[in-house]
Amino acid sequence: MPTPRPSLTLTLLQAREAAMAFFRPLLNEHEMTEQQWRVFRILRQQGELESHQLAHLACIFKRCMTGGVSGEERGCSVQRWA
């Protein structure tokens, strides 16, 4: 009977969790979520973006961006342009 190959999906998830184990305490110190960090990092690298572009690059559903960006606007971290 052949030995089953490891799942690529599971291996990638384990690698992500191993990397985030280092960063989560730092994010928690600054009261930031992983999603907020992705948004800030992308905006810093890319500059101004349309919300759909930001959602795509940050791997966040467009409908989830509204609440997150609104919260960051209140904290003056992100500004929305009409």
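The rules behind the values
Residues numbered from 1 in each chain as written. Predicted model: local features only at pLDDT ≥ 70, side-chain atom pairs only at ≥ 80, totals over all residues. Heavy atoms only, no water. Phe/Tyr/Trp six-rings, centres within 6.5 Å; stacked < 30°, edge-to-face > 60°. Buried < 20%, exposed > 50% of the residue type's maximum accessible area, 1.4 Å probe, protein only. Axes fitted to C-alpha atoms, helices over the stretch in contact; angles between N-to-C directions. Helix = DSSP H or I, 4+ residues; strand = E, 2+ residues; numbered from the N terminus. Left-handed = near helix turned anticlockwise from the far one by under 90°. Contact = heavy atoms within 4.5 Å. Polar contact = N/O pair within 3.5 Å; in protein donor to acceptor, adjacent residues only side chain to side chain. Parallel < 35°, antiparallel > 145°, perpendicular 65-115°, else oblique. Nonpolar A, V, L, I, M, F, W, Y, C, P; charged D, E, K, R; others polar. Lys, Arg positive; Asp, Glu negative; His and termini not counted. Salt bridge = Lys/Arg side-chain N within 4 Å of Asp/Glu carboxyl O.

**Student:** Would you take a moment to explain the packing of aromatic side chains for this structure?
**Tutor:** The way to describe two aromatic rings as a pair is by their centre distance and the angle between their planes. The final tally for this structure, using the stated rule, is 1 aromatic pair. Ring centres 5.0 Å apart and planes at 85 degrees place the aromatic pair Phe-22 and Phe-23 in the edge-to-face group. Judged by its relative accessible area of 57%, Phe-22 falls in the exposed class. Residue Phe-23 is classed as partly exposed on the basis of its relative accessible area, which comes to 41%.

**Student:** What is the right way to read the packing of helix H2 (residues 34–46) against helix H3 (residues 51–58) from this model?
**Tutor:** Each pair of packed helices can be summarised by the angle the axes make with each other and by the distance between the axes. Between H2 and H3, the least distance of the axes is 10 Å, while the angle of their chain directions is 115 degrees. The hand of the H2/H3 crossing is right-handed. Along the contact surface, H2 presents Arg-38, Val-39, Ile-42, Leu-43 and Gln-46, while H3 presents Leu-54, Leu-57 and Ala-58.

**Student:** Just to check I follow, could you spell out the side chain of Glu-34 for this structure?
**Tutor:** In this structure, Glu-34 sits in helix H2. At 2.7 Å, the side chain of Glu-34 forms a polar contact with the side chain of Arg-16. Discounting chain neighbours no more than four positions away, the residues touching Glu-34 are Arg-16, Met-20, Arg-24 and Leu-27.

**Student:** How should I be thinking about the packing of helix H1 (residues 8–29) against H2 in this particular structure?
**Tutor:** At a closest axis distance of 11 Å, the pairing of H1 and H2 adopts a crossing angle of 90 degrees. When the axis of H1 is compared with that of H2, the two are roughly perpendicular. Along the contact surface, H1 presents Arg-16, Met-20, Arg-24 and Leu-27, while H2 presents Glu-34, Trp-37 and Arg-38. For the contact of H1 with H2, the per-class residue count stands at 3 nonpolar, no polar and 4 charged.

**Student:** How should the side chain of Arg-38 be read in this particular structure?
**Tutor:** Within the secondary structure layout, Arg-38 lies in helix H2. As a buried residue without a salt bridge, Arg-38 has its nearest oppositely charged side chain in Glu-34, at a separation of 4.8 Å. A distance of 2.7 Å separates a polar side-chain atom of Arg-38 from the backbone oxygen of Ala-58. Excluding anything up to four places from it in sequence, Arg-38 contacts Arg-16, Ala-58, Cys-59 and Ile-60.

**Student:** Would you mind showing me how to read the pattern of salt bridges here?
**Tutor:** Opposite charge on two side chains allows them to pair when their charged atoms are near. Taken as a whole and assessed by the stated rule, the structure comprises 4 salt bridges. Salt-bridge contacts for Arg-24 lead to Glu-17; the nearest nitrogen and oxygen are separated by 3.0 Å. For Glu-17, a relative accessible area of 33% translates into the label partly exposed. Through salt bridges with shared partners, a single ionic network connects Arg-16, Glu-17, Arg-24 and Glu-34.

Take it as geometry only, folks, not as evidence of what the structure does.
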